[in-house]
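# Remarks on the overall topology
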Amino acid sequence: MKKICSIQNTKIKDLIKIYQQKNYMNIFFVEGIKEFEMAIKGKFLPKRIFICEKIFHKYNIIEPFYSITFIISMKIFKKLAYRENSGGIFALFKEKKYVNQLKNIKISNKNSSLILILDGIEKPGNIGAMLRIADAANIHMIILCNMKTYIYNSNIIRCSLGSLFTRKIFMEKIESIMYWLQKNKIKIIATGFDKHKKAINLYHTQFSNKIAIVFGSENKGISNFWLKKANKIITIPMFGNIDSLNVSNAMSIIIYEIIRQRNYAI
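First things first, this report covers the structure right here in the doc. (Residues numbered from 1 in each chain as written. Predicted model: local features only at pLDDT ≥ 70, side-chain atom pairs only at ≥ 80, totals over all residues. Heavy atoms only, no water.)

What follows concerns the overall build of the chain. Counting secondary structure elements, the chain contains eight helices and 12 strands. Seen through its principal axes, the chain has C-alpha atoms that stretch 65 × 45 × 35 Å. Classification of the 266 residues of the chain by burial places 49% in the buried group. Restricting to contacts in the chain with at least 6 residues of sequence separation, those with at least 24 account for 80%. For the chain, the accessible surface area stands at approximately 14500 Å², while carbon and sulfur atoms represent 50% of it. (Helix = DSSP H or I, 4+ residues; strand = E, 2+ residues; numbered from the N terminus. Buried < 20%, exposed > 50% of the residue type's maximum accessible area, 1.4 Å probe, protein only. Contact = heavy atoms within 4.5 Å. Areas by Shrake-Rupley, 256 points an atom, 1.4 Å probe, with all protein chains shown as cover.)

Contact geometry of helix H4 (residues 124-136) with helix H8 (residues 247-263) gives a least axis separation of 9 Å together with a crossing angle of 15°. When the axes of H4 and H8 are compared, the pair comes out roughly parallel. Considering the relative orientation of H4 and H8, their crossing is right-handed. Along its contact with H4, which presents Asn126, Ala129, Met130, Ile133, Ala134 and Ala136, the element H8 presents Val247, Ser248, Met251, Ser252 and Tyr256. Across the contact of H4 with H8, the residue classes tally to eight nonpolar, three polar and no charged. (Axes fitted to C-alpha atoms, helices over the stretch in contact; angles between N-to-C directions. Parallel < 35°, antiparallel > 145°, perpendicular 65-115°, else oblique. Left-handed = near helix turned anticlockwise from the far one by under 90°. Nonpolar A, V, L, I, M, F, W, Y, C, P; charged D, E, K, R; others polar.)

This brings us to the nonpolar core. Within the largest apolar cluster, 55 residues are counted, with the highest numbers of intra-cluster contacts made by Leu164, Phe165 and Ile213. With seven residues, the single largest contributor to this core is H8. Residues Ile143, Trp180, Ile186 and Ala230 belong to the second largest nonpolar core, which totals 22 residues. (Core = buried A, V, L, I, M, F, W, Y, C linked by side-chain atoms within 4.5 Å.)

Even without being glycine, lysine 43 reaches a positive phi, approximately 65°. Mapping lysine 43 onto the fold places it in the loop between helix H2 (33-41) and strand S3 (46-52). Although it is not a glycine, asparagine 138 adopts a positive phi angle of roughly 55°. Tracing the backbone through its elements, the reader meets asparagine 138 in the loop between H4 and strand S7 (141-145).

As a further point, take the sheet that holds strand S5 (residues 89-94). Read across the open sheet, the five strands follow the order S1-S4-S3-S5-S2; overall the sheet is mixed. Only two strands of the sheet have a single neighbouring strand rather than two, namely strand S1 (2-4) and strand S2 (27-31). Strand-to-strand twist of the sheet, defined as the mean angle between neighbouring strand axes without regard to direction, takes the value 25°. Both S2 and S5 contribute to a ladder of five bridges, which runs antiparallel. (Pairing = 2+ DSSP bridges.)

For the rest of this paragraph, the subject is the packing of aromatic side chains. Going through the model one piece at a time under the given rule, you end up with 15 aromatic pairs. Aromatic pair phenylalanine 28 and phenylalanine 44: ring centres 5.9 Å apart, planes at 85°, arrangement edge-to-face. Within this pair, whereas phenylalanine 28 is found in strand S2, its partner phenylalanine 44 is found in the loop between H2 and S3, the two being separated by 16 residues in sequence. Each member of the pair phenylalanine 28 and phenylalanine 44 is classed as buried. Aromatic side chains phenylalanine 36 and phenylalanine 65 sit 6.5 Å apart centroid to centroid with 85° between the ring planes, which places their arrangement in the edge-to-face category. Taken together, the residues phenylalanine 36 in helix H2 and phenylalanine 65 in the loop between S3 and strand S4 (69-72) connect sequence positions 29 residues apart. Taking relative accessible area as the criterion, phenylalanine 65 reaches 18% and is therefore assigned buried. The rings of Phe28, Phe36, Phe44, Phe65, Phe93, Tyr98, Tyr150, Tyr152 and Phe165 are connected pair by pair, giving a single aromatic cluster. The ring of phenylalanine 44 carries the charged tip of lysine 96 above its face, separated from the ring centre by 4.6 Å. The side chain of arginine 158 reaches across the aromatic face of tyrosine 82, ending 3.6 Å from its centre. (Phe/Tyr/Trp six-rings, centres within 6.5 Å; stacked < 30°, edge-to-face > 60°. Lys NZ or Arg CZ within 6 Å of the ring centre and 35° of its normal.)

Here we come to the pattern of salt bridges. Any two side chains of opposite charge can pair, so long as their charged atoms come close to each other. Applying the stated criterion to the full structure yields four salt bridges. Across the pair lysine 3 and glutamate 53 runs a salt bridge whose closest N-O atoms are separated by 3.8 Å. Here the residue lysine 3 occupies a position in strand S1, and glutamate 53 occupies one in the loop between S3 and S4, the gap between them amounting to 50 residues. On the basis of relative accessible area, glutamate 53 is assigned to the partly exposed category, the value being 41%. (Salt bridge = Lys/Arg side-chain N within 4 Å of Asp/Glu carboxyl O.)

Have a look at this one:
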């Protein structure tokens, strides 16, 4: 492992560029021990690793990568660190392709499935939180459409606790998603507003075994395409003065109600 003490070092300059720009040389930035471990678990390939000796202690996780590991000073670490409790490690990883892979996936008619479709979610923090929920609920697969942000955004990685790297994720155009859903006979559940004339109260809804549930953007909700194609539109009842929830909170409520019905209904 080589030491780097200057912020002017070319490898540090490259690190800063990748940190500041999306899709730079198809490399993305990861900060934190947990996130690093999840990327390795997801079989992502590290290109360079940077550790701060005064903070970092889990040398076992980087042992196979000593040849691409660099020791950085506390000054450099503090300049780049987003948070203090990241464990003293940054890494650069090579991107994986998420686009146009859905056509290769087939869903068995014998097994129940729960698929998450995120339609135009804008805020990286919300996407990350929803991926983390998807991991906790062991959702079978996640499909992203109308993406408004870079999939490897540092905030998505951070808020998902690295679960971005280990879930089945696909990025597709709406038409391709619809064709695939119909081919696999998967019912579409749209999440709507309480005022939508076809909306059904979540707690009055029975969910079938093979469903894809669609969540839309924070401001506009899901697109009209999904509202028109949906087999059902569901809504969460509101009892106070506020008529909506944060999209990740709404997802938690709906997903766990589906799980309750499937696994714990009396």
